[in-house]
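Residue-level listing of the chains:
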Amino acid sequence: MVISYIHLGSLLPLALKCFKILYLNPPPFTFQQQDSEGYIAVEKNIVWHHATVTRERREKLNKHRAKVLWFTGLSGSGKSTLAHALEEELHQRGCRTYVFDGDNVRHGLCGDLGFSVQDRTENIRRIGEMAKLFVDAGVIALTAFISPIREDRDRARSLLPHGDFLEVYVKCSLEKCEERDVKGLYKRARAGEIPEFTGISSPYEEPLMPEVVIDTEFDALDESVAKMIKALEERGIIPNRVV
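Nothing here was measured: the structure is a model prediction, and the numbers come from that model.

Criteria and cut-off values
Residues numbered from 1 in each chain as written. Predicted model: local features only at pLDDT ≥ 70, side-chain atom pairs only at ≥ 80, totals over all residues. Heavy atoms only, no water. Core = buried A, V, L, I, M, F, W, Y, C linked by side-chain atoms within 4.5 Å. Buried < 20%, exposed > 50% of the residue type's maximum accessible area, 1.4 Å probe, protein only. Helix = DSSP H or I, 4+ residues; strand = E, 2+ residues; numbered from the N terminus. Contact = heavy atoms within 4.5 Å. Salt bridge = Lys/Arg side-chain N within 4 Å of Asp/Glu carboxyl O. Lys, Arg positive; Asp, Glu negative; His and termini not counted.

A.B. asks: Sorry, what's going on with the nonpolar core here?
C.D. replies: General note: in soluble globular proteins, nonpolar side chains tend to be found buried as a group. Counting residues in each nonpolar core, the largest one holds 23 residues, and the members touching the most others are Leu69, Phe71 and Leu86. At the level of elements, strand 3 (68-72), helix 3 (79-92), strand 5 (140-144), strand 6 (165-171), strand 7 (212-215) and helix 9 (221-234) are the ones that each hand at least two residues to this core. Ranked by residue count, the leading element in this core is helix 9, at 5 residues. When neighbours within four sequence positions are excluded, Phe71 is seen to be in contact with Lys79, Leu82, Ala83, Leu86, Leu142, Thr143, Ala144, Phe145, Val168, Val170 and Met228.

A.B. asks: Honestly, the environment of Ser224 in this entry has me stumped. Any pointers?
C.D. replies: Structurally, Ser224 is set in helix 9. The exposure class of Ser224 is buried, given its relative accessible area of 2%. Spatially, the C-alpha atoms of Ser224 and Val213 are 9.5 Å apart, while their sequence positions differ by 11 residues.

A.B. asks: Sorry if this is basic, but what is going on with the pattern of salt bridges here?
C.D. replies: Opposite charge on two side chains makes pairing possible when the charged atoms of those side chains draw close. This structure, assessed with the given rule, holds 20 salt bridges. One salt bridge in this structure joins Arg93 and Glu233, with 3.0 Å as the shortest N-O distance. With a gap of 140 residues between them, Arg93 in the loop between helix 3 and strand 4 (97-101) and Glu233 in helix 9 connect regions that are remote in the sequence. Taking relative accessible area as the criterion, Glu233 reaches 22% and is therefore assigned partly exposed. In this structure, a network of salt bridges that share partners links the residues Arg55, Glu59, Arg65, Lys67 and Asp164.

A.B. asks: Even after reading the chapter, I still don't get the side chain of Glu87, so can you show me in this structure?
C.D. replies: Along the chain, Glu87 turns up in helix 3. Despite being buried, Glu87 has no salt bridge partner; Arg96 is the closest side chain of opposite charge, sitting 11 Å away. The residues touching Glu87, leaving out its near neighbours within four places in the chain, are Thr97, Tyr98, Val99 and Leu142.

In structure tokens:
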């Protein structure tokens, strides 16, 4: 058997060459730096490409404005039910819409996240950025998330121009939500099977100044949808239906 040995000194020139390439002439690789608040800032040699087909042209084609309707509230308050019912009504009116449902996005886009405060923040950050793109596409984006942290919702709002983010507080008492317990989650949370469950072992920060408040504890679904349609018409987001 013949064994070949490489003298370490022969590797020195190659190591120096690699050092010069990586450190003296760094390539446009992505690198990350953590700021004082713990958020990761990513720097790249990238430039936003401005398309010729603009949001304004898409809105003109769609015959309605593009907005983010951010439904927030406790689990069981009816966020997803209301968002999908509203989308059905808007679809019947010929509007371009899409619902980002809290459970659905965790099957893919946010499937790697849990429910810690940090993961909830990242979950909302991703949805905020995605909703922003949908608005640019001329779509009415409806997001149905507990989004319990006020600062996270405010950060999502800040991604969009003033007036493009409508916070919809789906108001319902914890007692009523727990009474409904459609998914059986409250029962499991009370039994200690689900840690960091909003309203039980994790806080929910109510919106301070939401654009719309829908009280699902007392209003029927069709009444809630009608209130949302009225709010959209009054703001000129969708045209008034001619009766």
